[in-house]
Amino acid sequence: MNPRWLFLSLLFAAALSVGGALVSGALPLALGDVWQGLLGQGEAVQVVRELRLPRVLAAFACGGLLSLAGVLLQSLLRNPLADPYILGVSGGAAVGALAAMLLGAGLLAEQGTSLGGALLAILVVFGLGFRHGERNLYRLLLTGVVLSAGCGALVSLLLTLAQAEQVKGMLFWLMGDLSQPQGLGAAWLVLFAVSVAATLAAGGLDVLAGGRDKAAALGLAVGRWQAALYFAAALLTVAALQLGGSIGFVGLLVPHAIRLLGVTAHRWLIPCAVLLGGSFLVLADMLARTLWSPLQLPVGIFTALLGVPVLLWLLGRRA
Amino acid sequence: MRLEACNLTVSIGGKTVCRDLSFAVQPGQCWGVLGQNGAGKSTLLRTLAGLYAPDAGEVRCGEAAISAMPRRDLAQQLGVLLQNEGGEFWGTVQDYVLLGRFPHRRALFGYSAEDEAIAQQALAAMELTALAQRPLNQLSGGERQRASIAQLLAQQAHCLLLDEPLQHLDLRHQAQVMKLLSGLQERAVLMVLHDLLWAQRNCDHLLLLFPDGRALTGPAAELLTREHLETLYQCRLREVAVEGERCFLPGV
């Protein structure tokens, strides 16, 4: 597919999904009401401005962050199965968040400990994985996978120790939930800054995908690029985790969906992935909060339920 | 621009590839590197390309030591064809060949029309124009090899290092690639080869890497003898002449 057309279609899809998500909810609104509400007039001001808009913005940013992190990690690890959580960042964050929930600490403490856990995981993986220079990506990957496994065991332990009424909150965090987004402004800033930087660095990312020695032979300072990619991906993941817990599947699915549509050059892949990831999560979150309304479901369920058939269809079409 | 190895000592995994080796590939020369499997030919080539650190000595490209050159400056002067790239490139053949222009790229975003034209010429030279829009990972081994060579041509470097440029190529394309490489003007070329026929036809100088870490350099006419080659490959060879051209066949 022509990348320009895909980009424009996705821009349109993003507007459509945001509009749809603002209109639908426990209290259905007409498009005109939403518009009035956004402008600060009419009866729906509170619903639109204080409830729906922050949540839609959080969903979009979260989807964009995760997709971009997926693109960068797949480029760094040259592994099509890499997703934002493969290097243990979400494991560290989960242990932090769940430990705070178990101790009954407030939301603020929970945010703090999950951020602390994520940063600790980032430093451990970077410290061990890059210890002998940038030569061995397997070491980095394996360190991340091992750390994730350890965090998984700790999460299981915390779930077992928790009171019955605490478990539900913990499961929501683990499955991804956008009802209490934190740091929305910071998340959008991170998304914008890294998207622009990554798009400008797209030529280098293309070269890096050709292999380490090839990239070096074509004039790329590979070690520095790998470290920068790792930290950029970690930063994106941390921002996404703060917004919505560990929402699975977006970071894996979205980059591949764009590639399967025939757009592989990073200068188009990156903006398209951000737009598709954002729209996709807005849509999934809309379903999560309206399908069993007033009951709200974890959005992670819908990213998988929507994403799996789409990706299977794209894979089948190719074959 | 010449490529020079100065007192180079290289080892890998405890095995010495070469000791105190010095030679210079002048512009217009074509050097062949011969040796057994595992003799360290690729390691030596990677060292010359600045992708592997020598134990001692240095490599010079023009007047500067390559270890002191910024990667991008080096890539504008020196191009490498690797035997095994180990990458996962998702794009088309054309995108792949265009990467050869990366060291020369001036635009912040994308490539200039001039870069695209150079990539098109390289594609045409390797008879890949019809495959330009195909995903690279759908190509056959030989087609992929030609795409790698096209990328190297697009780089337009003054010094070329090629690790088994003929691998996977059929006879016609072997001849085509060798003709193209020897037709390049004022380039310093060094290539790892296994086919003695091409070494004889196209290389004016040879570097023989013996299994014990000894190396011999010199004009091809002097080094391409049955005695040297039997020591080099540690097997008996038979020398025959076909229409005035010497051929070496493995003996029994």
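Residues numbered from 1 in each chain as written. Chains lettered and ligands numbered in written order. Predicted model: local features only at pLDDT ≥ 70, side-chain atom pairs only at ≥ 80, totals over all residues. Heavy atoms only, no water.

K.L.:
Hey, could you run me through the overall build of chain A in this one?
P.N.:
For chain A, the count of helices and strands is 14 helices and zero strands. Reading chain A from its N end, one meets helices and strands in the order α-α-α-α-α-α-α-α-α-α-α-α-α-α. Computed over its C-alpha atoms, the radius of gyration of chain A comes to 20 Å, within 12% of the 20 Å expected for a compact globule of 319 residues. Per-residue burial over chain A gives 53% buried out of 319 residues. Looking at chain A alone, contacts between residues at least 24 apart form 76% of all its contacts between residues at least 6 apart. When the accessible area of chain A is evaluated, it comes to approximately 13500 Å², of which 71% is carbon and sulfur surface. Charge-centre separation for chain A: the mean point of 17 positive side chains lies 15 Å from the mean point of 11 negative side chains. (Helix = DSSP H or I, 4+ residues; strand = E, 2+ residues; numbered from the N terminus. Rg over C-alpha atoms; globule rule 2.2 N^0.38 Å. Buried < 20%, exposed > 50% of the residue type's maximum accessible area, 1.4 Å probe, protein only. Contact = heavy atoms within 4.5 Å. Areas by Shrake-Rupley, 256 points an atom, 1.4 Å probe, with all protein chains shown as cover. Lys, Arg positive; Asp, Glu negative; His and termini not counted. Charge placed at Lys NZ, Arg CZ, Asp CG, Glu CD.)

K.L.:
Looking at this model, I keep getting lost on the sheet that holds strand 7 (residues 159-163) of chain B. Mind explaining?
P.N.:
The pairing of strands in a sheet comes from backbone hydrogen bonds and takes either a parallel or an antiparallel form. Residues and elements named next belong to chain B. One open sheet holds the six strands; their spatial order is 6-7-8-3-9-10, and the pairing between them is mixed. Strands with a single pairing partner mark the edges of an open sheet, and in this sheet they are strand 6 (78-81) and strand 10 (215-219). Sheet twist, expressed as the mean angle between neighbouring strand axes with direction ignored, is 15°. Both strand 3 (residues 30-35) and strand 8 (residues 188-192) contribute to a ladder of four bridges, which runs parallel. Each bridged residue has a counterpart across the sheet, and for Cys-30 the counterpart in strand 8 is Val-189. Contacts from helix 1 (residues 41-48) reach strand 3, strand 6, strand 7, strand 8 and strand 9 (205-209) within the one sheet, and its direction differs from that of strand 7 by about 155°. On top of the sheet, helix 9 (residues 226-233) reaches strand 3, strand 9 and strand 10; it is set at about 50° to strand 3, its chief contact. (Pairing = 2+ DSSP bridges. Axes fitted to C-alpha atoms, helices over the stretch in contact; angles between N-to-C directions.)

K.L.:
Even after reading the chapter, I still don't get the pattern of salt bridges, so can you show me in this structure?
P.N.:
Where charged atoms from two side chains of opposite charge approach closely, those side chains can pair. As enumerated under the stated definition, the model contains 11 salt bridges over all chains in all. Linking Glu-230 of chain B and Arg-226 of chain B is a salt bridge whose minimum nitrogen-to-oxygen distance equals 3.2 Å. Remark: Arg-226 of chain B and Glu-230 of chain B occur in helix 9; sequence separation between them is four residues, near one turn of the helix. The class of Arg-226 of chain B is partly exposed, set by a relative accessible area of 29%. In this structure, the salt-bridge partner of Arg-246 of chain B is Glu-239 of chain B, at a minimum N-O distance of 3.9 Å. Take Glu-239 of chain B: its relative accessible area is 38%, and that puts it in the partly exposed class. Taken together, the shared-partner salt bridges connect Arg-55, Asp-285 and Arg-289 of chain A into one network. (Salt bridge = Lys/Arg side-chain N within 4 Å of Asp/Glu carboxyl O.)

K.L.:
Looking at this structure, I do not really get the sheet that holds strand 4 (residues 56-61) of chain B. What am I missing?
P.N.:
All names here are of chain B. Strand order in the open sheet formed by four strands is 2-1-4-5, with antiparallel pairing between adjacent strands. In the strand order of this sheet, the two ends are held by strand 2 (15-25) and strand 5 (64-65), each with one partner. Pairing geometry for strand 4 and strand 5, over two bridges, is antiparallel. Bridging from a neighbouring strand, Cys-61 pairs with Ala-64 of strand 5. Taken strand by strand, helix 1 contacts strand 1 (3-12), strand 2 and strand 4, and its axis lies near 130° from that of strand 1.

K.L.:
How should I be thinking about the nonpolar core in this particular structure?
P.N.:
One recurring pattern in soluble globular proteins is that nonpolar side chains are buried together. If you look at the biggest cluster of nonpolar residues, it comprises 185 residues, and the most contacted ones within it are Leu-72 of chain A together with Leu-34 and Leu-48 of chain B. Of all the elements, helix 3 (residues 45-77) of chain A adds the most residues to this core, at 16 residues. (Core = buried A, V, L, I, M, F, W, Y, C linked by side-chain atoms within 4.5 Å.)

K.L.:
I tried to follow the packing of aromatic side chains on my own but got confused; where do I start?
P.N.:
Aromatic ring pairs are described here by two measures, namely the spacing of the ring centres and the angle between the planes. For the coordinates displayed, the defined rule picks out seven aromatic pairs over all chains. Aromatic side chains Phe-89 of chain B and Tyr-96 of chain B sit 5.5 Å apart centroid to centroid with 65° between the ring planes, which places their arrangement in the edge-to-face category. Given a relative accessible area of 10%, Phe-89 of chain B falls into the buried group. Put simply, the rings of Phe-126, Tyr-230 and Phe-231 of chain A touch in pairs and so form one group of aromatic residues. In this structure, Arg-105 of chain B packs its charged tip against the face of Tyr-111 of chain B, placed 5.4 Å from the ring centre. Sitting above the plane of the Trp-198 of chain B ring, Arg-201 of chain B keeps its charged end 5.2 Å from the centroid. (Phe/Tyr/Trp six-rings, centres within 6.5 Å; stacked < 30°, edge-to-face > 60°. Lys NZ or Arg CZ within 6 Å of the ring centre and 35° of its normal.)

K.L.:
What am I meant to see in the interface of chain B and chain A here?
P.N.:
Bring the parts together and some accessible area is lost; that lost area is often taken as the interface size. Taken together, the 29 residues of chain B in the interface contact 23 residues of chain A. For the pairing of chain B and chain A, the buried interface totals around 2300 Å² over both sides, and the portion due to carbon and sulfur atoms is 63%. Three residues, Trp-90, Phe-102 and Phe-109 of chain B, lead the burial of chain B against chain A; their summed loss comes to 28% of the area buried on that side. Inspection of the chain B/chain A interface yields one salt bridge. In this structure, the salt-bridge partner of Asp-213 of chain A is Arg-46 of chain B, at a minimum N-O distance of 2.0 Å. Elements with a minimum of two residues in the side of chain B that touches chain A: helix 2 (71-77), strand 6, helix 3 (93-98) and helix 5 (141-155) of chain B. Element by element, the count of residues in the side of chain B that touches chain A is highest for helix 2 of chain B, at three residues. Among the residues making up the side of chain B that touches chain A, the classes are represented as 14 nonpolar, eight polar and seven charged. (Buried area = accessible area lost by both parts, 1.4 Å probe. Nonpolar A, V, L, I, M, F, W, Y, C, P; charged D, E, K, R; others polar.)

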